[in-house]
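Topology and contacts: notes
Residues per chain are reported as follows:
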Amino acid sequence: MSVSTQGDIGRGLDGLTQVAKKIHGAIESVIEGKPDVVRLALTVLLAEGHLLIEDVPGVGKTMLAKALARSVDCSVRRVQFTPDLLPSDITGVSAYNQERREFEFKPGPVFANIVVGDEINRASPKTQSALLECMEERQVTVDGTTYALELPFMVVATQNPVEMEGTYPLPEAQRDRYTARISMGYPDRSAELEMLDVHGGSSPLEDLAPVACASDVRQLIEVVRQVHVSAAVRHYAIDLVTATREHPELRLGASPRATLHLVRAARAHAALGERDYVTPDDLQDLAVPVLAHRLLPGSEARVARRPPEQIVRELLDRVPVPDRPRG
C-alpha cells in the first residue's frame, strides 16, 4: 500500500469517524442503554449489508430500525408485513395506463435507500422471497424488466421469535442474505427508568433530525472498502466458516456468502475503530451476529438445547487465531 493511499484512507477514516459518531449519537438519543446494538447496526450499514432484528415484542426493534432510517437524510419506506401481503406489494407492479394505452411500472416500497420491514416473518414465505433479488443484486425484475436500486440500499427487518403465534420461519436463502442478526434484549433498570422519563410524554423519534445524507453514506462505504485485510485474516475467516460446515451438531453450516459478509463487516468494524486494517479480534466480535442465524442445528443440538450462538462461541475458542497485525 503506497504512502499516498495510506494518507487518503487516513483522511477518509477521520471523516468516517466524525459522521459515524453523529449517527451513533442520534440513534442513542432514541435507544437508551444499547450502545453495542447501535454500533452493530451502523457496522452493517457501512458494510453494505442488511440487518435482521429479532426479539420478543416491545423491546424496541422497530424503534431501532426507524431511528437508523431517520438519522440519515435519504429515501425511507416502511412495510408492515402481514399474511395477506403479496410480492407485488413490495417490488411494484406494471399497470395499464388507459390514457397512454401502455403498461407503466409503479415502483413498490423496495425502491428506497432504507427499507424497514416490520415483523417480516408474519408474511408468507412467497412474499418474503420477493426480497431475495433486491437484497443480493440491488435490483428488481418485474415482468421481464430489470430495475436498478439506488445506493446505498439496506433492508432493516424486524421479526418475533418463530415460536410466537402467527409467524412463519424465514427460508434459509432469506436468512443467508442478512449480514447480521441482533437481539435487543431487555434494558437494564437505569435504561428503562430513563426510557420512562424520555418516552413518557412523547416519542423522541419526532425530534430526531438527520445528521448525514445518502451521499455521506456512499463516501463512507468507499472508505470501508479500502480497509486492508491481510492474507492471514482472510484465512482465519475461512477457517471459522469451514468449522461450522464440519461441526457434527450442525445440519447446515455457513455459506461462502457468510464468509464474504463476515469480512465486509470486519472492514466496517475496523473503520469504526479508526483502523485501516482488520484484525482477528474484528472477526471474533462479529462471528456470532454474522454467522449464527445462518446455521441449522441438528437433532442432537436441538435435544441438548444448544443454540447456534453457543456453538459459534465454542468454535471461536477452538479455531487457531493468527498473530494480530500491528498496522
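Keep in mind it's a predicted model, so treat the numbers as computed, not measured.

The subject of this paragraph is the pattern of salt bridges. Any two side chains of opposite charge can pair if their charged atoms end up close together. Across all of its chains, the model carries 15 salt bridges by this definition. One salt bridge connects Arg122 with Glu119, and the closest N-O pair in it is separated by 3.3 Å. In this structure, Arg294 engages Asp176 in a salt bridge whose closest nitrogen and oxygen atoms are separated by 2.8 Å. Separated by 118 residues along the polypeptide, Arg294 in the loop between helix 12 (280-291) and strand 13 (296-297) and Asp176 in helix 7 (residues 172-176) bring together distant segments of the chain. Assessed through its relative accessible area of 4%, Arg294 is described here as buried. With relative accessibility at 9%, the residue Asp176 sits in the buried group. Residues joined in a network through salt bridges with shared partners are Glu136, Asp176, Arg257 and Arg294.

A cluster of nonpolar side chains, namely Leu193, Met195 and Leu196, defines an oily patch on the protein surface of about 280 Å² accessible area. Inspection of the secondary structure puts Leu196 in helix 8 (residues 189-199).

Another point: the packing of aromatic side chains. Considering all chains together, one arrives at four aromatic pairs under this definition. With a centroid separation of 5.2 Å and 65° between ring planes, the pair formed by Tyr96 and Phe103 is classed as edge-to-face. According to the relative accessible area criterion, Phe103 is exposed, its value standing at 59%. Look at Phe105 and Phe111: their rings are 5.6 Å apart centre to centre, the planes differ by 65°, and that puts the pair in the edge-to-face class. Take Phe111: its relative accessible area is 24%, and that puts it in the partly exposed class. Following the ring pairs from residue to residue traces out a cluster consisting of Phe105, Phe111 and Tyr147. One Lys or Arg, Arg275, reaches over the ring of Tyr277 and ends 5.7 Å from the middle of that ring.

The rules behind these values
- Residues numbered from 1 in each chain as written.
- Predicted model: local features only at pLDDT ≥ 70, side-chain atom pairs only at ≥ 80, totals over all residues.
- Heavy atoms only, no water.
- Salt bridge = Lys/Arg side-chain N within 4 Å of Asp/Glu carboxyl O.
- Helix = DSSP H or I, 4+ residues; strand = E, 2+ residues; numbered from the N terminus.
- Buried < 20%, exposed > 50% of the residue type's maximum accessible area, 1.4 Å probe, protein only.
- Patch = residues over 30% accessible without salt bridge, like charges linked within 9 Å, V, L, I, M, F, W, Y side chains within 5 Å.
- Areas by Shrake-Rupley, 256 points an atom, 1.4 Å probe, with all protein chains shown as cover.
- Phe/Tyr/Trp six-rings, centres within 6.5 Å; stacked < 30°, edge-to-face > 60°.
- Lys NZ or Arg CZ within 6 Å of the ring centre and 35° of its normal.

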